[in-house]
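Structure assessment
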Amino acid sequence: SKIILAHLTEMPFPSYTVQMIPLALGAVFSWLGLFTPRTELAFLVISSVFVVVAYLHWALVVIERFCEFLGINCLSIRPQPDIERPEPTHEEPRVY
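Residues numbered from 1 in each chain as written. Predicted model: local features only at pLDDT ≥ 70, side-chain atom pairs only at ≥ 80, totals over all residues. Heavy atoms only, no water.

**Side note on the overall build of the protein**
When you go through the protein residue by residue, the secondary structure sums to three helices and zero strands. Scanning the protein from its N terminus toward the C terminus, one meets helices and strands in the order α-α-α. Nonlocal contacts in the protein, meaning residues at least 24 apart in sequence, comprise 42% of its contacts between residues at least 6 apart. Accessible surface for the protein amounts to roughly 9,100 Å². Of this, 67% is attributable to carbon and sulfur atoms. (Helix = DSSP H or I, 4+ residues; strand = E, 2+ residues; numbered from the N terminus. Contact = heavy atoms within 4.5 Å. Areas by Shrake-Rupley, 256 points an atom, 1.4 Å probe, with all protein chains shown as cover.)

What follows is the structure in structure tokens.
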């Protein structure tokens with residue numbers, strides 16, 4: 001998705017994202033031999049949660065900026081003014 005966004009906005013593709021932090025930390029911790037099966041599992045769970053939250057934050061910011069630029073609401077529903085609506089009729093369907 002970041003490749004598509006960079007292409008649409010004619011910006012260079014970012015070579016670094018915050019989602020790479022767990023990857024680098026995991027590599028360093030593994031190289032130093034700091035992982036046990038329990039700590040590795042905890043690290044993987046924490047890293048997964050971090051990456052999901054970081055991606056959702058990025059996605060919401062991008063969506064909000066696009067909506068602001070286009071002047072539309074994407075993540076909310078505007079309340080409609082009260083208008084009179086006809087009552088539905090309960091007629092039998094016609095068979096032709």
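**Looking at the packing of helix α2 (residues 21-31) against helix α3 (residues 37-70)**
Their axes nearest at 10 Å, the elements α2 and α3 cross at an angle of 165°. In terms of axis orientation, α2 runs roughly antiparallel to α3. Crossing of α2 against α3: the hand is right-handed. In contact with P22, L25, G26 and F29 of α2, α3 contributes F43, S47, F50 and V51. Of the residues belonging to the contact of α2 with α3, the class tally is six nonpolar, two polar and no charged. (Axes fitted to C-alpha atoms, helices over the stretch in contact; angles between N-to-C directions. Parallel < 35°, antiparallel > 145°, perpendicular 65-115°, else oblique. Left-handed = near helix turned anticlockwise from the far one by under 90°. Nonpolar A, V, L, I, M, F, W, Y, C, P; charged D, E, K, R; others polar.)

**Some words on the packing of aromatic side chains**
Taken as a whole and judged by the stated rule, the model has four aromatic pairs. Ring geometry for F29 versus F35: centroids 6.0 Å apart, planes at 80°, classification edge-to-face. A relative accessible area of 28% means that F29 is categorised as partly exposed. Judged by relative accessible area, which is 24%, F35 ranks as partly exposed. Taking the centre distance of 5.3 Å and the plane angle of 55° together, the rings of F35 and F43 count as tilted. We classify F43 as buried; its relative accessible area is 17%. Each member of the aromatic cluster is reached from another via a ring pair, and the members are F29, F35 and F43. (Phe/Tyr/Trp six-rings, centres within 6.5 Å; stacked < 30°, edge-to-face > 60°. Buried < 20%, exposed > 50% of the residue type's maximum accessible area, 1.4 Å probe, protein only.)

**Brief notes about α3**
Spanning 34 residues, α3 covers 49 Å between terminal C-alpha atoms, matching the ideal 50 Å at 1.5 Å per step. Within the span of α3, buried status applies to F43, S47, A54, A59, V62 and C67. Residue G71 follows α3 closely and has a positive phi angle near 70°. (Expected span 1.5 Å × (residues − 1).)

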